[in-house]
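# Working through the structure, step by step
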Amino acid sequence: MNRTWGKPEVSRKLRPQHQISINLDCEASQSILEEMSEEPATTTSISPTRSGVERCSDGISKFYCGLVALFALYVMWLAMDAHYTFPHHDDWRILDNFFSIPLLEFLVGSQLGHRVPFTLFLLHLDYTHLGGHMNLLVLGSVVCTGIGVMVLATSYWIADRAHTPLARAGYGFACFLFCWAASRHDLVWGLNQCTLMAAMWTFLSMASLSAVGQKTQQGETTPWKLVFAAAGCASAATFSQGIGFACWIGLLATSAFVRLPIRALVVLGLGAWLTLQAYTYGLFPEQINSAESKYLTKLLSSFGRLLEFAVTFIGAPATAFQERTADSAQNTLALATGAVGLASYFTLTSYVMIRRRSLSTTQTFAFGLSAVAFAAGWLVALNRLGYPNFPAIPIRYSTFATMFWMGLGLSLTSTFGIVSSRAQAKWSSLLAIAGVVVLSLFLVPDLRTSHRQQDAIRSKHRYISAMHILGLRWNHLTNDTWKPDPERTQRIIRHLRRDKRNLFSNADHFLAGSVVGENFVLANDERCKGEITWTNLKAAQRIPLKRLSGWAVDIEQNKPLDWILVTDADFIVRGLGVSAPHGTELAGTPLPDIDFPWTGFLRLSIGRLPFQAFGVLDDALVCNLNIPTMRDRIDQIKK
């Protein structure tokens, strides 16, 4: 007797009705798989061999993503190495509050219209324990950027089950855009940790919502844990920076677009309202922000201008392809690009809804990012439209504006990244991947331009910091360079000196009146050389001073000297100079047309002749600059 162990014996013949039932079940399963997959299932796509074009597409996309990973590490390292270590613009107002109000009120209160408790707590820790050089805040920015990249990469592995080369390149391009936008401005400015944290929470919120949409479209019960996770991340984005409330707007728009159950929409709407109330009133009723009524009035009375501003806002990243010229030319380009981008995105989304009847995970995520960026443009417009001559394209908004193009790119690669057996489809995928690589290369030069501008800003701050370290007060120069209120600046400087702290890099070594030999060791005189090429006599608050500029080079390493010390005959510091790149505007101080320029100040009426100049090297070393004209020129000044 023939028996089969462990398995029931199955009849070799099935009745016709059973065959029909099995066929229908297979068709239904195939239909469900097509709904779940990023690409429609095809019989020819499951081929054990791949053509040369497919292998080329796969190799290029993997190589591109590897380069993006290296690029992300580079911009994060650069942020830690070259960030601002001194107050910059709004930092001064926030520092003034830090010194003048209780800590709890400082952390949870409104700062310049924003509630950023976590960023302010990092500022408190950085000042209290790390010397106040903004290192901890920039580290927070680096962490938020890294988490954002990991969320994007994880979304690819979850969403694209087929791991198609074009989808891989699309997510790689989204990671590149995020790091590129962050490195243009936010990563170097410690206080803008709040912007990158809001972006990070936005990514997490949209990823959670994408998972909710996928499960509900498959007929599963609403995953309430993911719904609350999306809402919680949106609230965290709101309290990371004011523009983070755009995450709630994008969350609600995307929820309606993927047709979440009414109960889920009600919960999210209630969460948005409660978050807005908490953000408006906070813990201190006397700090109530009356912006809601003003926003509503402005929205009704200036809808057209607000729309134009929002469209220009999302088109602003396109100005990276244009030489930075007048605002009018950049606004025109940004407005045209934003209009084309919006039209393309809505057309693409309509096509997806008509053909697929539901959004895939990637398409949900992409729609959410673009919706958040567009909503952010409206929020910025409501706040900034009344400012005179305020453009919609400041680089400080680059991170959120770039989210729109991240979403559009993901939507394009998800919708058209179908690799079939047709040769033209394979070639189209290869060309699209090549286009992504070329577009990324075209954006890199703008990043170099942004970093050069950041170097110039650092030079301006270092220039004025030298003045404060010497104990000088020159209100006009302070206001011209930093644009804070001079009285506020002096209040902060007094607090810093009271606490024996300084927000300027290594400034304690250069305090006026200190002896060079107490902090530095004299190196070989052949190590560096330089010259004074320009001097100008001025008076700051009745203190006579001399502005200086020249050049100085570390011969051994062929690099500029960050600090120049000018001492009297007793080697007591009476003046300071800092390196400054060419093209830096330093309030009328001309820089020599030679490599490695520097500029600074010299206090007069104190100290014995002759004056001497030393360049500060690494490892607490100084070298004599051996400036032949130094004694003659300073002697003439004293006389």
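Up top you'll find the structure we're talking about.
So, a few notes on the structure that sits alongside this text.

Scoring rules and cut-offs
- Residues numbered from 1 in each chain as written.
- Predicted model: local features only at pLDDT ≥ 70, side-chain atom pairs only at ≥ 80, totals over all residues.
- Heavy atoms only, no water.
- Phe/Tyr/Trp six-rings, centres within 6.5 Å; stacked < 30°, edge-to-face > 60°.
- Helix = DSSP H or I, 4+ residues; strand = E, 2+ residues; numbered from the N terminus.
- Buried < 20%, exposed > 50% of the residue type's maximum accessible area, 1.4 Å probe, protein only.
- Lys NZ or Arg CZ within 6 Å of the ring centre and 35° of its normal.
- Expected span 1.5 Å × (residues − 1).
- Axes fitted to C-alpha atoms, helices over the stretch in contact; angles between N-to-C directions.
- Parallel < 35°, antiparallel > 145°, perpendicular 65-115°, else oblique.
- Left-handed = near helix turned anticlockwise from the far one by under 90°.
- Contact = heavy atoms within 4.5 Å.
- Nonpolar A, V, L, I, M, F, W, Y, C, P; charged D, E, K, R; others polar.
- Disulfide = S-S within 2.5 Å.
- Pairing = 2+ DSSP bridges.
- Core = buried A, V, L, I, M, F, W, Y, C linked by side-chain atoms within 4.5 Å.

Here we come to the packing of aromatic side chains. On inspection of all chains with the given rule, the structure shows 22 aromatic pairs. Aromatic pair F303 and W378: ring centres 5.3 Å apart, planes at 40°, arrangement tilted. With a gap of 75 residues between them, F303 in helix 13 (residues 303-315) and W378 in helix 15 (residues 361-384) connect regions that are remote in the sequence. Ring centres of F313 and Y397 lie 6.0 Å apart, and the angle between their planes is 50°; this geometry places the pair in the tilted category. Placement of F313 in helix 13 and of Y397 in the loop between helix 15 and helix 16 (398-416) is noted, with a sequence separation of 84 residues between them. The same class applies to F313 as to Y397, namely buried. Cluster of aromatic residues (ring-pair linked, three or more members): F257, Y345, F367, F404 and W405. The ring centre of Y279 lies 6.0 Å from the NZ or CZ of R115, which sits over that ring.

With 13 residues, helix 5 (residues 117-129) should cover 18 Å at 1.5 Å per step; its first-to-last C-alpha distance of 18 Å lies within 8% of that length. Buried within helix 5 we find T119, L120, L122, L123, H124, D126 and Y127. G131 sits one or two positions beyond helix 5 and adopts a positive phi of about 85°.

As a packed pair, helix 3 (residues 90-100) and helix 19 (residues 486-498) sit with axes 10 Å apart at the nearest point and diverge in direction by 50°. When the axis of helix 3 is compared with that of helix 19, the two are oblique. Two packed elements cross with a definite hand, and for helix 3 against helix 19 that hand is left-handed. In this structure, helix 3 uses W92, R93, L95, D96 and F99 to contact helix 19, whose residues at the interface are R488, T489, R491, I492, H495, L496 and R498. For the contact of helix 3 with helix 19, the per-class residue count stands at 5 nonpolar, 2 polar and 5 charged.

Let's shift gears to the state of the cysteines. Using the criterion set out here, one finds 1 disulfide in the structure. There is a disulfide in this structure between C528 and C623, and the S-S distance comes to 1.7 Å. Judged by the sign of its S-S torsion, about 125°, the cystine formed by C528 and C623 is right-handed. Here the residue C528 occupies a position in strand 2 (residues 528-540), and C623 occupies one in strand 9 (residues 621-624), the gap between them amounting to 95 residues. Exposure class is identical for C528 and C623. Each is buried. Free cysteine C179: the closest other cysteine sulfur is in C175, separated by 6.8 Å. Residue C179 is classed as buried on the basis of its relative accessible area, which comes to 0%.

Burial within strand 3 (residues 543-554) is extensive, with 11 of its 12 residues counted as buried. Sheet analysis places strand 2 next to strand 3, joined by 12 bridges and oriented antiparallel. Looking across to strand 3, one finds that E531 is bridged to W551. Where strand 3 and strand 7 (residues 597-603) come together, 7 bridges link them in antiparallel fashion. What sits directly across from W551, in strand 7, is P597. Connecting strand 3 to the next strand, strand 4 (residues 559-560), in antiparallel fashion are 4 residues, including N558 with a positive phi near 50°.

So, on to the pairing of strand 9. Here strand 1 (residues 521-522) pairs with strand 9 via 2 bridges, running parallel. Counterpart to V521 in the pairing with strand 9 is L621. Relative to strand 9, strand 8 (residues 612-616) is paired through 3 bridges, and the arrangement is antiparallel. Each residue of the ladder has a partner; that of G615, found in strand 9, is C623.

So, on to the nonpolar core. F176, W180, F313, M403 and M406 are the most contacted members of the largest nonpolar core, which totals 92 residues. Of the residues forming this core, the biggest block, 15 residues, is contributed by helix 15. Among all residues touching M403, those that are not within four sequence positions of it are A199, T202, F203, L369, S370, V372 and A373. Counting 25 residues, the second largest nonpolar core, distinct from the first, contains M467, V516, L545 and V573.

Function cannot be read off these values alone, since they describe shape.
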